[in-house]
Amino acid sequence: MTDKYDVVIMGAGPAGYVAAIRCAQLGLNTACVDNWLDSNNKPVLGGTCLNVGCIPSKSLLESSELFAHCQHGMTEHGITLGKVSLDLAAMMSRKEKVVSDLTNGIEALFKANKVTWIKGRGRLLINKQVEITSHDDKVSKVAADNVIIATGSSPINISSAPCDGEMIVNSTGALAFTEVPKRLGVIGAGVIGLELGSVWKRLGAEVVMIEAQEEFLSIADAQIAKEAQRAFGKQGMDIRLGARLVSADIQGKDKSRQVAVKYQDSSGEHGESFDKLIVAVGRQPNSHRIFETATQLVMDERGFIHVNMFCETSIPGVYAIGDLVRGPMLAHKGSEEGIMVAERIAGHAARVNYDLVPSVIYTQPEIAWAGKTEQQLKSSGEKYRAGIFPFAASGRARAMGDTTGMVKILAQAETDRILGVHIIGPQASELIAQAVIAMEMGASSEDIALTMFAHPTLAESFHEAALAVQGRAIHIAQKRSNK
Ligand code: NAD
């Protein structure tokens, strides 16, 4: 007999596993199917985010930042260190331990919440049945009243730079180099390129980034992107814009192997040679072979599953969430969609506010934002006022010795409602949360200006930026407004 569940979830990444836990908390009999195997062929939960994405990259970003800080950042504090050396193998095992502690944690949460973990590959059949192909190729079926598809995304491969997993790698390979490349090429100066480029730059690689777009980091507020470009340039990151990859070929033999890269920009064709090449040109939804055609699940031409604002697909009772559907490919967006769908299956009202999905780039300085950029407001004709506070004027940032960047608040000109907050600088990833809370509550810049912030903190810069919208920041000179 086929096992029957209230909910079967395909995929145990941050969208799927969160949906599973919330469904179980709501009293639904829940199973989660996942086919991820770690490097030892052991089934693990957590998907890309925990195994080869957010968590291992943040682990290496933290370790590499400490290494760089010990080399260059201690003298100004009056601390002299002896020779600082790198044990890359130890850094990598720490990363693996961070990952396994967290994936084991999800397994424990599944047990505690009585979520059934089905190990294998899921495929949606008609009548909300899910076919499971186990790791030893046994095929079985389960049935459900509701199915949530959360199979995530994978790195895009390009034929001009075919990954061999050793010399030319995607983001997964770039988290597992066994030595620091002398010269590292990165195709794509997007979020992944910048984060992984930063890791290896800090560990000693010379990094060259080849980016097709003329404009640097066009998804961010233009002023913040300009500040970031300046900061990365100062660190010696070589970012070549308007540069389209033509080809990448592995040349030479054994130890002398190199990746020969050709790219084209407005001045013609150029050549470069690298020890390793990371291809980080975006990700694509994992929608191939996850449903049988007879289900008539609707997809767009790029492979994203079509859903409405509540993540309902074209089939009643079948939902899709996370990187597989429209919107930014971000773990927290997928998790919130998972919670919304679980709540709605259980009969509660729930929705996701897609206007307020925070974005973070974990470089040094960090970059974080929520809401509208200045260029978006300009192009929509919205009237706004901007308030900017540089970290150079923050007592806490000075004491930390980390004064690059700013907080920028954009508020509607008449109502003063905050429409966007953009931060580049120390702990931007943490600071953005207060902006999201404020915007979620419909705060005006005056509300923030009237709130007391502890001194000395980095958070005061958010307060000062709000005061700056009003023309009355205390710690920077502003034109007198008499307000
Ligand atoms: P991305 O879209 O952020 O950047 C890819 C870049 O590659 C773009 O700037 C694009 O112009 C460039 N590009 C594409 N083809 C090229 C070519 N042939 N030659 C040169 N440049 C080329 O994609 P990503 O960095 O791969 O990240 C994928 C997804 O994962 C994104 O949605 C990202 O938001 C998400 N992600 C988020 C985080 C985070 O939240 N911190 C971290 C990692 C990944």
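In this text, all values refer to a predicted model and were calculated from it rather than measured experimentally. (Residues numbered from 1 in each chain as written. Predicted model: local features only at pLDDT ≥ 70, side-chain atom pairs only at ≥ 80, totals over all residues. Heavy atoms only, no water.)

Chemist: Tell me what's going on with the state of the cysteines, and back it up with residues and numbers.
Modeler: Taken as a whole and assessed by the stated rule, the structure comprises 0 disulfides. Cysteine cysteine 163 remains unbridged, with the sulfur of cysteine 54 as its closest cysteine sulfur at 19 Å. Among the cysteines around cysteine 311, which has no disulfide bond, cysteine 23 carries the closest sulfur, lying 13 Å off. Overall, the relative accessible area of 0% leaves cysteine 311 in the buried class. (Disulfide = S-S within 2.5 Å. Buried < 20%, exposed > 50% of the residue type's maximum accessible area, 1.4 Å probe, protein only.)

Chemist: Any chance you could break down the sheet that holds strand E13 (residues 258-265) for me, citing the residues and the numbers?
Modeler: Within the open sheet, the 3 strands sit side by side as E12-E13-E14. Their pairing is antiparallel. In this open sheet, the two strands that pair with only one neighbour each are strand E12 (244-251) and strand E14 (268-274). Shown here is a sheet whose adjacent strand axes are inclined to one another by a mean of 20°, direction ignored. (Pairing = 2+ DSSP bridges. Helix = DSSP H or I, 4+ residues; strand = E, 2+ residues; numbered from the N terminus. Axes fitted to C-alpha atoms, helices over the stretch in contact; angles between N-to-C directions.)

Chemist: An account of the packing of helix H1 (residues 16-25) against helix H8 (residues 331-345) is needed here, citing residue identities and associated values.
Modeler: Between H1 and H8, the least distance of the axes is 8 Å, while the angle of their chain directions is 30°. By the criterion of interaxial angle, the relationship of H1 to H8 is roughly parallel. Viewed along their axes, H1 and H8 form a crossing whose handedness is right-handed. Taken together, the residues of H8 that come into contact with H1 (itself represented by Val18, Ala19, Arg22 and Cys23) are Ser335, Gly338, Ile339, Ala342 and Glu343. (Parallel < 35°, antiparallel > 145°, perpendicular 65-115°, else oblique. Left-handed = near helix turned anticlockwise from the far one by under 90°. Contact = heavy atoms within 4.5 Å.)

Chemist: An account of the pattern of salt bridges is requested, with residue identities and associated values reported.
Modeler: All chains considered together, the criterion is met by 21 salt bridges. One salt bridge connects lysine 408 with aspartate 221, and the closest N-O pair in it is separated by 2.8 Å. In this pair, lysine 408 is assigned in strand E21 (residues 406-412) and aspartate 221 in the loop between strand E10 (206-210) and helix H7 (222-234), connecting sequence segments 187 residues apart. On the accessibility criterion, lysine 408 (1% relative accessible area) is buried. By relative accessible area, aspartate 221 is classed as buried at 1%. Note that arginine 230 is salt-bridged to glutamate 227, the shortest N-O span being 3.0 Å. Here the residue arginine 230 and the residue glutamate 227 both occupy positions in helix H7, the gap between them amounting to 3 residues, near one helical turn. Counted as one network, the salt bridges with shared partners bring together Arg183, Glu206, Asp238, Arg240 and Glu272. (Salt bridge = Lys/Arg side-chain N within 4 Å of Asp/Glu carboxyl O.)

Chemist: So what's going on with the packing of H1 against helix H4 (residues 88-113)? Residues and values would help.
Modeler: In the contact formed by H1 and H4, the axes pass within 9 Å of each other and the chain directions differ by 20°. The orientation of H1 with respect to H4, classified from their angle, is roughly parallel. When the axes of H1 and H4 are compared, the crossing they make is left-handed. Only Ile106, Leu109, Phe110 and Asn113 of H4 make contact with H1, whose side of the interface consists of Tyr17, Ala20, Ile21, Ala24 and Gln25. Split by residue class, the contact of H1 with H4 holds 7 nonpolar, 2 polar and no charged. (Nonpolar A, V, L, I, M, F, W, Y, C, P; charged D, E, K, R; others polar.)

Read these as layout, nothing more, since geometry by itself doesn't imply function.
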